[in-house]
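Reading the structure
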Amino acid sequence: MPHDPGTVKLVGAGPGAADLLTLRAARAIESAQALLYDALVCDEVVALAPAACLKIQTGKRAGRTSMKQETINRLMLRLARRGLRVVRLKGGDPSVFGRVGEEQAFLNAHGISTEVVPGVTAASAAAAQFGFPLTYRGQARRLVFATATTRDGALAETGWAADREATLALYMGRDQLSALAARLIAEGRSPHTPVMAVENAGRADARAMPGRLGALGQALAAAGCEGPVVVVVGEAAAQAPAFLNAEPALIEARS
Ligand code: SAH
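Presented here is an overview of the structure given in this document.

**Looking at the sheet that holds strand 8 (residues 194-199)**
Spatially, 6-7-10-8-9 is the arrangement adopted by the five strands of the open sheet, whose pairing is mixed. Only two strands of the sheet have a single partner each, and these edge strands are strand 6 (142-147) and strand 9 (207-212). Here the average twist between neighbouring strands, direction ignored, is 20°. Two elements, strand 6 and strand 7 (residues 166-171), share six bridges in a ladder whose sense is parallel. By the bridge assignment, valine 144 is partnered in strand 7 with leucine 168.

**Regarding the pairing of strand 10 (residues 229-233)**
Across the five residues of strand 10, five count as buried, placing the element largely inside the fold. Neither face of strand 10 is open: one carries Val229, Val231 and Val233, the other Val230 and Val232, and all of them are buried. Taken together, the three bridges between strand 7 and strand 10 define a ladder with antiparallel strand orientation. Note on strand 10: the bridge partner recorded for leucine 168 is valine 233. Relative to strand 10, strand 8 runs antiparallel, the two being bridged by five bridges. Its bridge partner being in strand 10, glutamate 199 is matched across the sheet by valine 229.

**So, the packing of aromatic side chains**
Within this structure, the stated rule accounts for two aromatic pairs. Ring geometry for phenylalanine 97 against tyrosine 171: centres 5.4 Å apart, planes inclined by 50°, an arrangement best described as tilted. Of this pair, phenylalanine 97 sits in the loop between strand 4 (86-90) and helix 4 (100-109) while tyrosine 171 sits in strand 7, and the two are 74 residues apart along the sequence. Look at tyrosine 171 and you get buried, because its relative accessible area is 10%. When the ring of phenylalanine 145 is compared with that of tyrosine 171, the centres are 6.1 Å apart and the planes differ by 50°; the resulting orientation is tilted. One end of the pair, phenylalanine 145, is in strand 6; the other, tyrosine 171, is in strand 7, with 26 residues separating them in the sequence. Put simply, the rings of Phe97, Phe145 and Tyr171 pair up and form one aromatic cluster.

Definitions and cut-offs
- Residues numbered from 1 in each chain as written.
- Predicted model: local features only at pLDDT ≥ 70, side-chain atom pairs only at ≥ 80, totals over all residues.
- Heavy atoms only, no water.
- Pairing = 2+ DSSP bridges.
- Helix = DSSP H or I, 4+ residues; strand = E, 2+ residues; numbered from the N terminus.
- Axes fitted to C-alpha atoms, helices over the stretch in contact; angles between N-to-C directions.
- Buried < 20%, exposed > 50% of the residue type's maximum accessible area, 1.4 Å probe, protein only.
- Phe/Tyr/Trp six-rings, centres within 6.5 Å; stacked < 30°, edge-to-face > 60°.

No statement about biological role is implied by the geometric values presented.
Have a look at this one:
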């Protein structure tokens, strides 16, 4: 689809490997005149933009601070009003914890048209790479995308945790997984529920940490993750070869 000048494309960059981009995403990046990208977007993907494209990193990486959402919104607006083909590039799928709704609403309210290009979300990349499904007939009938934290950083009450037939794909929870696991168990999910925590899903340096919900916090603390981690909780996770090969107690993290 051609990119009209003065519009903004909100594009999913996938989990961090350029060959997991959609063709539509790759074409949008290749024809961008201004690119605003998040910290989770890999260099290989940013490198697809033309040399003359204005490239602006909006997320924090290597100690730099992130731009405020308001600043990002204003910047996109200014660039689009200059008549540039603006691409707002986000890790994974822009519609999964990507603030795409907020950015779209802001731009549209200021008369700028937008288009969303989907991407491979972290949970899908993790499942594909480590050999387990997110749904499974008769066993995992629902999939919940959830985050551990709320806007003010507090642990949210779930209300859905006890559903044994739901696979939970937990985003943005790396640093409070012990508390989150305790919450899920308190709300009725069994501590024996299989878990696959995956760091850097979709990338060459991805690591899987199989375990059980009751030991999730310890397993992750032992693994010392520094990259982004998506945690998949539910019976379907038990189909991963890494899970099947782990010790029965599954207390220790594995790479
Ligand atoms: N829009 C993104 C999610 C953004 S929220 C998507 O669809 O994937 C940021 C969170 O996503 C991280 O805290 C982490 O939980 C998860 N995440 C993003 N990329 C990841 C990756 N490559 N591996 C594991 N988790 C990832």
